[in-house]
Amino acid sequence: AQKVTQAQTEISVVEKEDVTLDCVYETRDTTYYLFWYKQPPSGELVFLIRRNSFDEQNEISGRYSWNFQKSTSSFNFTITASQVVDSAVYFCALMKSNFGNEKLTFGTGTRLTIIP
Amino acid sequence: DGGITQSPKYLFRKEGQNVTLSCEQNLNHDAMYWYRQDPGQGLRLIYYSQIVNDFQKGDIAEGYSVSREKKESFPLTVTSAQKNPTAFYLCASSIGALAGVYEQYFGPGTRLTVT
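What you see is a predicted model, and the numbers here were worked out from it, not measured in a lab.

1. Side note on the overall build of chain B
Consideration 1: Broken down by element type, chain B carries zero helices and eleven strands.
Consideration 2: In chain B, the order of α-helices and β-strands from amino to carboxyl end is β-β-β-β-β-β-β-β-β-β-β.
Consideration 3: Along the first, second and third principal axes, the C-alpha atoms of chain B reach 40 × 30 × 25 Å.
Consideration 4: By residue count, 50% of the 115 residues in chain B fall in the buried class.
Consideration 5: Excluding contacts between residues fewer than 6 apart, the proportion of contacts in chain B whose partners are at least 24 apart in sequence is 52%.
Consideration 6: For chain B, the exposed area adds up to about 5500 Å²; of that, 49% sits on carbon and sulfur atoms.
Consideration 7: The distance from the centre of the 11 positive side-chain charges to the centre of the 11 negative ones in chain B is 8 Å.

2. Here's the deal with the nonpolar core
Residues and elements named next belong to chain A.
Consideration 1: Judged by nonpolar contacts, the single largest core of 23 residues is most densely connected at Trp36, Phe75, Phe77 and Tyr90.
Consideration 2: Secondary structure elements with two or more residues in this core: strand 2 (10–14), strand 3 (19–21), strand 5 (32–39), strand 8 (64–69), strand 9 (74–79), strand 10 (88–96) and strand 12 (110–115).
Consideration 3: The element that contributes the greatest number of residues to this core is strand 10, accounting for four residues.
Consideration 4: Excluding residues that lie within four positions of it along the chain, tyrosine 90 makes contacts with Gln6, Leu21, Trp36, Tyr37, Lys38, Leu48, Tyr64, Phe77, Ile79, Gly109, Thr110 and Leu112.

3. Thoughts on the packing of aromatic side chains
Consideration 1: Overall, the coordinates contain 22 aromatic pairs over all chains when judged by the stated rule.
Consideration 2: Ring centres of A:Tyr25 and A:Tyr32 lie 5.2 Å apart, and the angle between their planes is 55°; on these two criteria the pair is classed as tilted.
Consideration 3: Owing to a relative accessible area of 4%, A:Tyr32 belongs among the buried residues under this scheme.
Consideration 4: Arranged with centres 6.0 Å apart and planes meeting at 45°, the rings of A:Tyr37 and A:Phe106 form a pair that is tilted. Of the two residues, A:Tyr37 is situated in strand 5 and A:Phe106 in strand 11 (residues 104–106); the sequence distance between them amounts to 69 residues. Here A:Tyr37 matches A:Phe106 in class, with each residue buried.
Consideration 5: Through a chain of ring-to-ring contacts, three or more aromatic side chains come together here, namely A:Phe35, A:Tyr37, A:Phe47, A:Phe91, A:Phe106, B:Tyr33, B:Tyr35, B:Tyr48, B:Tyr105 and B:Phe106.
Consideration 6: Between B:Arg68 and the ring centre of B:Phe74, over which it is positioned, the NZ or CZ distance is 6.0 Å.
Consideration 7: Of note, B:Arg111 hangs over the ring of B:Phe88, and the distance from its end group to the ring centre comes to 4.4 Å.

4. Quick word on the confidence of the model for chain A
Fine structural detail should not be taken from predicted coordinates in areas where pLDDT scores are low.
Consideration 1: When pLDDT is averaged along chain A, the result is 92; 96% of the residues meet or exceed 70.
Consideration 2: Of all secondary-structure elements in chain A, the lowest mean pLDDT belongs to strand 7 (residues 59–61) of chain A, at 89, while strand 3 of chain A reaches the highest, 98.

5. What to know about the pattern of salt bridges
Once their charged atoms are close, side chains differing in charge can pair, the charge on each being opposite to the other.
Consideration 1: Taken as a whole, this structure holds eight salt bridges over all chains when the rule is applied.
Consideration 2: In this structure, A:Arg50 engages B:Glu103 in a salt bridge whose closest nitrogen and oxygen atoms are separated by 3.1 Å. Taken together, the residues span two chains, with A:Arg50 in strand 6 (residues 46–52) and B:Glu103 in the loop between strand 9 (87–94) and strand 10 (105–106).
Consideration 3: By relative accessible area, which is 24% here, A:Arg50 ends up partly exposed.

6. Remarks on the state of the cysteines
Residues and elements named next belong to chain B.
Consideration 1: If you walk through the whole model with that rule in mind, you get two disulfides over all chains.
Consideration 2: Each sulfur in the disulfide pair cysteine 23 and cysteine 91 lies 1.9 Å from the other. Note on the cysteine 23 and cysteine 91 pair: the S-S dihedral is about -70°, so by sign convention the disulfide is left-handed. One end of the pair, cysteine 23, is in strand 3 (residues 19–25); the other, cysteine 91, is in strand 9, and 68 residues separate them in sequence.
Consideration 3: Accessibility expressed as a relative area gives 0% for cysteine 23, which makes it buried.
Consideration 4: By relative accessible area, cysteine 91 is classed as buried at 0%.

About the criteria used
- Residues numbered from 1 in each chain as written.
- Chains lettered and ligands numbered in written order.
- Predicted model: local features only at pLDDT ≥ 70, side-chain atom pairs only at ≥ 80, totals over all residues.
- Heavy atoms only, no water.
- Helix = DSSP H or I, 4+ residues; strand = E, 2+ residues; numbered from the N terminus.
- Buried < 20%, exposed > 50% of the residue type's maximum accessible area, 1.4 Å probe, protein only.
- Contact = heavy atoms within 4.5 Å.
- Areas by Shrake-Rupley, 256 points an atom, 1.4 Å probe, with all protein chains shown as cover.
- Lys, Arg positive; Asp, Glu negative; His and termini not counted.
- Charge placed at Lys NZ, Arg CZ, Asp CG, Glu CD.
- Core = buried A, V, L, I, M, F, W, Y, C linked by side-chain atoms within 4.5 Å.
- Phe/Tyr/Trp six-rings, centres within 6.5 Å; stacked < 30°, edge-to-face > 60°.
- Lys NZ or Arg CZ within 6 Å of the ring centre and 35° of its normal.
- pLDDT = per-residue confidence, 0-100.
- Salt bridge = Lys/Arg side-chain N within 4 Å of Asp/Glu carboxyl O.
- Disulfide = S-S within 2.5 Å.

Okay, structure coming up:
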């Protein structure tokens, strides 16, 4: 069975601070995919990143960076110099590599509030 | 503009009535999905379809039904058998595993309230 745990239910930081959102996953598969999605107040989920299990390189995209560590089954997301527009609920998700059966397992999300 | 549309954004129904939620995409994606989101919880998969005229149950399919007669459309019917239908419903699509692409893209959602 697959499971994604986002232990931080809510986080509040002051604008311009850095913040890290934690994601821990469980899977027995050797090949899998990890995702982060952002859900702003409008409700629509916005895709941020996908990571393959065989690629442990960290990734940076502007103020966003992701740290993938298979040894600890974690896929953490850091926002540098946070802005008010970063306020949203962030979901981490896991997909097993099962051709024709691509189901996402979501964590319960972390609500991030950036205080101006 | 390409994207996924869901209508309506807000929907109100009386208990005991069936209701159909619309999901349309013009991205030419093969796969489509329906998720349910409850307050403070992650998304749970209701149904998904990898190809036209074929669909599979997700983790919480009881009380729901779908059809996939066209590539662009994947309507979800919430039947009176669904015990707790009030929720936020999100539709998603993806190019599909055949193309080696796994990201799912989401519509704006429909908030269903049943009283």
